[in-house]
Amino acid sequence: MSIKRLVYGAIVVTLSGVLIWQIAPSFSNESSWQPASQIAPPGLLQRLQQDYAPHIPSNATVDVRQMQMLKLQQSGSLPLYLVNTRIHTSGNQKKTPTCGFGGCLFLGYIPDNSSFKQVFNGLINDFQVQGKPPVIKPIARTMNRVPCFQLTTYNPRTGKSNPTQTLCFNGGDFTPVGGKVKYP
């Protein structure tokens with residue numbers, strides 16, 4: 001009887017491992033927010049500085065290398081670099097120039113020939129628990145060779161994070177996709 005249980009247990013463990021291996025997304029190891037200076041490929045910081053400048057007062061000094069960046073990439077997809085622009089300007093540690101009631105400015109880039117193309121520019125409510133960046137969860141879906149991602153928000157009443165919106169690249173920029181996400 002115990003040998004039969006061991007055999008069934010081994011089968012269940014093996015099938016579970018194969019199932020997890022098949023459905024788990026193969027994202028890059030860069031799965032956490034890091035300073036942009038640590039993970040930005042050559043040329044991206046210059047493009048970020050150029051795109052960010054119109055969003056701040058001309059007298060504000062901002063070091064884009066201190067912004068937080070997240071790299072999302074699946075097997076066979078282009079890398080997506082998401083940038084949380086919430087940093088403090090020099091001389092005013094309480095106010096961030098690109099944050100307001102709607103959230104903070106987030107930018108997204110993909111490689112484009114020898115440069116980078118901005119594919120995301122929007123406010124995301126990143127006022128999460130203790131000021132952490134928003135939970136941006138990669139999902140096992142790509143559209144137009146770019147990883148989709150899901151925004152989640154923290155519910156202080158339940159103490160849990162809940163999915164709120166899935167965004168995918170439509171060929172021009174990121175747009176919300178409706179309904180349940182279907183995994184390939």
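The structure we're discussing is the one just above.
Treat the numbers as computed from the prediction; the structure is a model and nothing was measured.

> Before we go on, may I ask you to explain unusual backbone geometry in this structure?
In most cases, non-glycine residues show a negative phi, while peptide bonds are predominantly trans. Positive phi values are uncommon outside glycine, yet Asn-144 reaches one of about 55 degrees. With respect to the helices and strands, Asn-144 occurs in the loop between β7 (135-143) and β8 (146-155). Backbone geometry at Arg-145 places phi at a positive 65 degrees, although glycine is not the residue there.

> Can you walk me through the packing of aromatic side chains in this structure?
Any two aromatic rings considered together are summarised by their centre-to-centre distance and by the angle between their planes. Counted according to the given criterion, the structure contains six aromatic pairs. Both rings, one in Phe-120 and one in Phe-174, keep their centres 6.2 Å apart while their planes meet at 80 degrees; by these two values the pair is edge-to-face. In this pair, Phe-120 is assigned in strand β6 (residues 115-124) and Phe-174 in strand β10 (residues 174-177), connecting sequence segments 54 residues apart. In this structure an aromatic cluster arises from ring pairing among Phe-120, Phe-149, Phe-169 and Phe-174.

> Could you clarify how one ought to interpret the state of the cysteines in this entry?
Any covalent bond linking the sulfur atoms of two cysteines counts as a disulfide. One pass over the structure, following the stated rule, counts two disulfides. Disulfide partner of Cys-148: Cys-168, at an S-S distance of 2.1 Å. Across the disulfide from Cys-148 to Cys-168, rotation about the S-S bond amounts to roughly 120 degrees, and the bridge is consequently right-handed. Remark: Cys-168 occurs in strand β9 (residues 160-169) and Cys-148 occurs in strand β8; sequence separation between them is 20 residues. Sequence-ordered numbering of the bonded cysteines in the protein chain gives a disulfide pattern of 1-2, 3-4.

> Whenever I open this one, helix α3 (residues 44-52) confuses me. Can you help?
Within an α-helix, residues lying three or four positions from one another point in the same direction, as the helix has 3.6 residues per turn. By the burial criterion, the buried members of α3 are Leu-44, Leu-45, Leu-48, Asp-51 and Tyr-52. For α3, the buried positions fall inside an angular range of 125 degrees around the axis, keeping them on one side. Looking at α3, the residues exposed on the side facing more than 90 degrees away from the buried face are Gln-46 and Gln-50. Buried residues in α3 make contact with α2 (36-39), β2 (68-72), β3 (80-84), β5 (103-112) and β6.

> Which parts of the structure should I look at to understand the environment of Val-83?
By secondary structure assignment, the location of Val-83 is in strand β3. Overall, the relative accessible area of 0% leaves Val-83 in the buried class. Distance from Val-83 to Gln-34, taken between C-alpha atoms, is 9.7 Å for residues 49 residues apart in sequence. In this view, Val-83 contacts Trp-33, Leu-48, Met-67, Gln-68, Met-69, Leu-105, Phe-106, Leu-107 and Tyr-109; residues no more than four positions away in its chain are not counted.

> Looking at this structure, how should I read the pattern of salt bridges?
As a working rule, side chains carrying opposite charge can pair if their charged atoms are close by. Tallied over the full model, the rule gives two salt bridges. Among the ionic pairs, Asp-51 bridges to Arg-47, the shortest N-O distance being 2.9 Å. Highlighted residues: Asp-51 and Arg-47, both in helix α3, separated by four residues, approximately one helical turn. Exposure remark for Asp-51: the relative accessible area of 14% places this residue in the buried category. With its nearest N and O atoms 2.9 Å apart, the salt bridge here joins Arg-65 to Asp-63. Judged by its relative accessible area of 46%, Arg-65 is partly exposed. The partly exposed category is assigned to Asp-63, whose relative accessible area is 26%.

Analysis parameters
Residues numbered from 1 in each chain as written. Predicted model: local features only at pLDDT ≥ 70, side-chain atom pairs only at ≥ 80, totals over all residues. Heavy atoms only, no water. Helix = DSSP H or I, 4+ residues; strand = E, 2+ residues; numbered from the N terminus. Phe/Tyr/Trp six-rings, centres within 6.5 Å; stacked < 30°, edge-to-face > 60°. Disulfide = S-S within 2.5 Å. Buried < 20%, exposed > 50% of the residue type's maximum accessible area, 1.4 Å probe, protein only. Arc of directions from axis to C-beta. Contact = heavy atoms within 4.5 Å. Salt bridge = Lys/Arg side-chain N within 4 Å of Asp/Glu carboxyl O.

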